[in-house]
Amino acid sequence: MKIRHILLASAVLVSVSSFAQKDELKKLKKIYEKDAPTVSDVADYKANLEKLAPLASEEVDKVYYNFFKGMLPVVQATSYGPTITQAQIASNYSLKTVTDLTTALNETLAYEKKTGKKLYTDDINKKLGSIKAGIVSVAIGYGDQKKYKEAAEVLYSVYQLDKTDQDKLFYAASYAFNAADYDKALQYYTELKEANYSGEGTSYLASNKASGKEETFNSKDERDLFIKAGTHEKPRNEKIASKRGEIYKYIAFILVDKNRTEEAKTAITEAKKANPEDDSLILTEADIYLKLKDYDTYNRLISEVLTKDPKNVVLLFNLGVTSANANKLEDAEKYYIKALEVDPTYFDALINLSELRLRIDGKFADEMGKLGNSEKDNKRYEVLKASRDKNFKSLLPYLEKAIQLRPDDEAVKKTLLSIYNALEMTDKYKALKAKI
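Residues numbered from 1 in each chain as written. Predicted model: local features only at pLDDT ≥ 70, side-chain atom pairs only at ≥ 80, totals over all residues. Heavy atoms only, no water.

Asker: Would you explain the pairing of strand S1 (residues 201–208) in this entry?
Answerer: Consecutive residues of a regular strand have side chains that alternate between opposite faces of the sheet. Pairing geometry for S1 and strand S3 (residues 232–240), over seven bridges, is antiparallel. Residue Tyr 204 lies in a different strand from S3, and its bridge partner there is Asn 237. By the bridge criterion, four bridges tie S1 to strand S2 (residues 214–217) in an arrangement that is antiparallel. Across the sheet, the residue bridging to Ser 207 is Glu 214, located in S2. Once S1 ends, the chain turns through five residues before running back antiparallel as S2, passing Gly 212 with a positive phi of about 80°. (Pairing = 2+ DSSP bridges. Helix = DSSP H or I, 4+ residues; strand = E, 2+ residues; numbered from the N terminus.)

Written out as structure tokens, the structure is:
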């Protein structure tokens, strides 16, 4: 009898727990379904989540607990009303809440497909567009802060939520590459390659009459609605080029970085077939052979590129960068100068050329610092100072042109001040110093 009594008591406890779970789930459901939940509703929603957490033991309860927990940022955003800003949306999210949300939605969809009971499937599909938009705004915020790793993770979560939206995977790969997270970038780019993603399409644009800025729309029909409403004008279409060549290029770049050169060569061969007009692929191929110290093949490829487009300023600049990275400083200087002959206002070429010549200054400064006060050392010092001054004067025109183009660039200002000071150009030093 005692044993039976204990078993019955246990059954009562389970029953109470089950009722409690259902009660908390009902309360969460009621708040979730409100069109305009209040701040108080959000507080109740959080409180009910806390109560339900230790009680959810069965699969069905775990699924819907995770669903309501994942949707907390959406409920919070809804409570702000129609005037919600991007900053307010972003404030509700973190990397963890984004992961919780996307995981929970996928689990819910999978569970309801398995059981055949669609409690929230239709609602999820209905809200998917706005949910994705909220999460993407978080990724953009991370990108603006140069937190590229976090931006990549957020966008990959969006892709996991909707695998038809391969654009998000592409931009996740780009952010991962910018973060130097090459393992993730390679994973994402390889997924795109295997999915035969091209990114080709059409952008639908129109100018906002109020702001004067051109805006992009999701479809022609959407844009036409705004044109008819009178808020926008000057509609135009813009073709989006294939991104296949770029995908193959970055796969090759990463493989080179990982010293998987044979795989990189294969990737480049495939990339050139996919996008034969992209000359930057030849540069990537050249970089492979440069790392392998196969200078004959490297020089042949560079000559091939220059023969095809001798006045391509971006190409010339990239050749300068590639040569500088290989410590071929004379070649690098030659390409930067050619780039400036084509476009004298090419800011990055001006800066990189100046930087090349400042490398030489390091050698002068090191030797001058080691000299003593003997007559021989003093003579050597004067020779080195004359050479150093001559080098400074040779790069002055480039830095002065750069500061004309970007007068607020602090790095250029500081470098120019140092050179004016070294050359004892007092008037120019004071004039520039006054602007800082």
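Asker: Please explain helix H2 (residues 39–52) as it appears in this structure.
Answerer: Three- or four-residue spacings in an α-helix give side chains the same orientation, since the helix completes a turn every 3.6 residues. With 14 residues, H2 should cover 20 Å at 1.5 Å per step; its first-to-last C-alpha distance of 20 Å lies within 8% of that length. Taken together, the buried positions of H2 are occupied by Asp 41, Val 42, Tyr 45, Asn 48, Leu 49 and Leu 52. Here the buried residues of H2 occupy an arc of 125° about the axis, which is enough to place them on one side. For H2, exposure combined with an orientation more than 90 degrees from the buried face picks out Val 39 and Glu 50. (Expected span 1.5 Å × (residues − 1). Buried < 20%, exposed > 50% of the residue type's maximum accessible area, 1.4 Å probe, protein only. Arc of directions from axis to C-beta.)

Asker: Sorry if this is basic, but what is going on with the pattern of salt bridges here?
Answerer: Side-chain pairs of opposite charge can arise where the charged atoms are in close proximity. Counting across every chain of the model gives 27 salt bridges. A salt bridge links Lys 96 to Asp 100; the shortest N-O distance between them is 2.9 Å. Residue Lys 96 and its partner Asp 100 are located together in helix H6 (residues 95–115), separated by four residues, close to a single helical turn. Residue class for Lys 96 comes out exposed when judged on its relative accessible area of 52%. On the basis of relative accessible area, Asp 100 is assigned to the partly exposed category, the value being 25%. For Asp 165, the salt bridge is made with Lys 132, and the minimal N-O distance between the two is 3.0 Å. With a gap of 33 residues between them, Asp 165 in the loop between helix H8 (148–161) and helix H9 (166–178) and Lys 132 in helix H7 (residues 121–144) connect regions that are remote in the sequence. We classify Asp 165 as buried; its relative accessible area is 13%. Where salt bridges share partners, they join Lys 132, Asp 162, Asp 165 and Lys 168 into one cluster. (Salt bridge = Lys/Arg side-chain N within 4 Å of Asp/Glu carboxyl O.)

Asker: Explain the nonpolar core here, please?
Answerer: If you look at soluble globular proteins, the nonpolar side chains tend to sit buried side by side. Tyr 45, Phe 67, Phe 68, Met 71 and Tyr 189 are the most contacted members of the largest nonpolar core, which totals 65 residues. In this view, Met 71 contacts Tyr 32, Tyr 45, Leu 101, Leu 105 and Ile 131; residues no more than four positions away in its chain are not counted. By size, the runner-up hydrophobic cluster in this structure holds 40 residues, among which are Ile 282, Leu 283, Tyr 336 and Leu 395. (Core = buried A, V, L, I, M, F, W, Y, C linked by side-chain atoms within 4.5 Å. Contact = heavy atoms within 4.5 Å.)

Asker: What am I meant to see in the packing of aromatic side chains here?
Answerer: Describing an aromatic ring pair means giving the distance of the ring centres and the angle of the ring planes. Tallying each qualifying case throughout the model produces 22 aromatic pairs. Here the aromatic rings of Tyr 45 and Phe 68 are separated by 6.4 Å at their centres, their planes lie at 80°, and the arrangement is edge-to-face. Taken together, the positions of Tyr 45 in helix H2 and Phe 68 in helix H3 (residues 59–70) put the pair 23 residues apart, joining distant regions of the chain. A single burial state applies to Tyr 45 and to Phe 68, both of which are buried. For the ring pair Tyr 64 and Tyr 111, a centre distance of 6.1 Å and an interplane angle of 85° mean the geometry is edge-to-face. (Phe/Tyr/Trp six-rings, centres within 6.5 Å; stacked < 30°, edge-to-face > 60°.)

Asker: Please explain unusual backbone geometry as it appears in this structure.
Answerer: Backbone phi values are negative for most residues with the exception of glycine, while trans is the configuration of most peptide bonds. In this model, Lys 146 sits at a positive phi of 60°, which is unusual for a non-glycine residue. Here Lys 146 lies in the loop between H7 and H8. A positive phi angle, close to 60°, is found at Asn 196, a residue other than glycine. Checked against the element boundaries, Asn 196 lands in the loop between helix H10 (182–194) and S1. On the basis of relative accessible area, Asn 196 is assigned to the exposed category, the value being 52%.

Asker: Can you walk me through the environment of Leu 417 in this structure?
Answerer: Its place among the elements puts Leu 417 in helix H20 (residues 410–422). The exposure class of Leu 417 is buried, given its relative accessible area of 8%. Between the C-alpha atoms of Leu 417 and Asn 325, which are 92 residues apart in sequence, the distance is 27 Å.

Asker: Is there a simple way to explain the sheet that holds S1 in this structure?
Answerer: Pairing is antiparallel in the open sheet, where three strands are placed in the order S2-S1-S3. At either margin of the open sheet sits one strand with a lone partner, and together these are S2 and S3. Looking at each pair of strands side by side, their axes are set apart by 30° on average, direction ignored. On top of the sheet, helix H11 (residues 220–229) reaches S1, S2 and S3; it is set at about 165° to S3, its chief contact. (Axes fitted to C-alpha atoms, helices over the stretch in contact; angles between N-to-C directions.)

Asker: How should the environment of Ile 247 be read in this particular structure?
Answerer: Relative to the elements of secondary structure, Ile 247 occurs in helix H12 (residues 244–257). Judged by its relative accessible area of 2%, Ile 247 is buried. Taking the C-alpha atoms as reference, Ile 247 lies 21 Å from Leu 301; in sequence the two are 54 residues apart. Discounting chain neighbours no more than four positions away, the residues touching Ile 247 are Phe 170, Tyr 189, Leu 192, Lys 193 and Tyr 197.

Asker: Would you mind going over the side chain of Ser 207 with me for this structure?
Answerer: In this structure, Ser 207 sits in strand S1. Ignoring anything within four residues of it in the chain, the contact list for Ser 207 reads Lys 213, Glu 214, Thr 231, His 232, Glu 233 and Lys 234.

Asker: What am I meant to see in the packing of helix H18 (residues 347–370) against helix H19 (residues 375–405) here?
Answerer: In helix packing, the relevant descriptors are the interaxial angle and the interaxial distance, both defined with respect to the helix axes. In the contact formed by H18 and H19, the axes pass within 9 Å of each other and the chain directions differ by 160°. Classed by the angle they form, the pair H18 and H19 counts as roughly antiparallel. In the packing of H18 onto H19, the handedness of the crossing is left-handed. Looking at the contact of H18 with H19 residue by residue, the classes come out as 17 nonpolar, four polar and seven charged. (Parallel < 35°, antiparallel > 145°, perpendicular 65-115°, else oblique. Left-handed = near helix turned anticlockwise from the far one by under 90°. Nonpolar A, V, L, I, M, F, W, Y, C, P; charged D, E, K, R; others polar.)

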